[in-house]
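Listed below, chain by chain, are the residues.
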Amino acid sequence: MLRLQIKNIIKESGLTVTKIRVKVLSVFMQSMKPMTLQSINKLINDLDRVTLFRVLSIFEERKIIHSFVIDHNKCYALCSYECNDDHNCHKHIHFKCDDCHEVSCLSVVSFPQIVAKNHIINNLNINASGKCANCII
Ligand SMILES: [Zn+2]
Ligand SMILES: [Zn+2]
Ligand SMILES: [Zn+2]
């Protein structure tokens, strides 16, 4: 079931289904949280970094995943439906817990709209830190 779903996501993005792409996407589907290149690489141990990087770049280009930098670490995360809403990708913030250091894509009640004189803002990245739901208890 999951495999079929993965193949469909790749196809719907206009990409050819390859073994490597299925493998990389399945890692994202299984973890459901942002990962660094190193942690993805650990989960797919028989792939060289260049190939992995290329797959990630094309996934990002097709908006299957998005990337961001938090605490000097580049992370990759699966895009959700709201992510690609009206082409303003990523109307959510990126959160790192001070206690467990877990990074997550976090939906917010209202994503701020920022207006700057003589500029068009297409993308707004917000990083936040604090305590996650698990660590508050
Ligand atoms: Zn996204
Ligand atoms: Zn935490
Ligand atoms: Zn995100």
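Heads up: these notes are all about the structure in this document. (Residues numbered from 1 in each chain as written. Chains lettered and ligands numbered in written order. Predicted model: local features only at pLDDT ≥ 70, side-chain atom pairs only at ≥ 80, totals over all residues. Heavy atoms only, no water.)

It is worth spelling out the coordination of the zinc ion (ligand 3) at this point. Tetrahedral coordination by four donors puts the ideal angle at the metal at 109.5 degrees, and octahedral coordination by six puts it at 90 or 180 degrees. For the zinc ion (ligand 3), the protein coordination sphere consists of His-66 (NE2), His-92 (NE2), His-94 (NE2) and Cys-105 (SG), at 2.0 to 2.2 Å. Angles of 100 to 115° at the metal separate the 4 donor atoms of the zinc ion (ligand 3), which places the site in the tetrahedral class. Within one chain, the residues donating to the zinc ion (ligand 3) are spaced in sequence as H-x25-H-x1-H-x10-C. The metal-metal distance between the zinc ion (ligand 3) and the zinc ion (ligand 1) comes to 6.0 Å, with His-66 coordinating both. (Donors = N, O, S within 2.8 Å, 3.2 Å for Na, K, Ca; no water. Tetrahedral: all angles 85-135°; square planar, octahedral: opposite > 155°, others 65-115°.)

Take the sheet that holds strand β6 (residues 127-130) next. The strand order across the open sheet built from 3 strands is β5-β4-β6, with neighbouring strands paired in mixed fashion. Edge positions in the open sheet fall to β5 (103-107) and β6, since each of these has one partner strand only. Across the sheet, the axes of successive neighbouring strands diverge by a mean angle of 35°, strand direction being ignored. Looking at chain direction, strand β4 (residues 92-97) and β5 are connected through 5 bridges and run antiparallel. Opposite His-94, over in β5, you have Cys-105 as the bridge partner. (Pairing = 2+ DSSP bridges. Helix = DSSP H or I, 4+ residues; strand = E, 2+ residues; numbered from the N terminus. Axes fitted to C-alpha atoms, helices over the stretch in contact; angles between N-to-C directions.)

No statement about biological role is implied by the geometric values presented.
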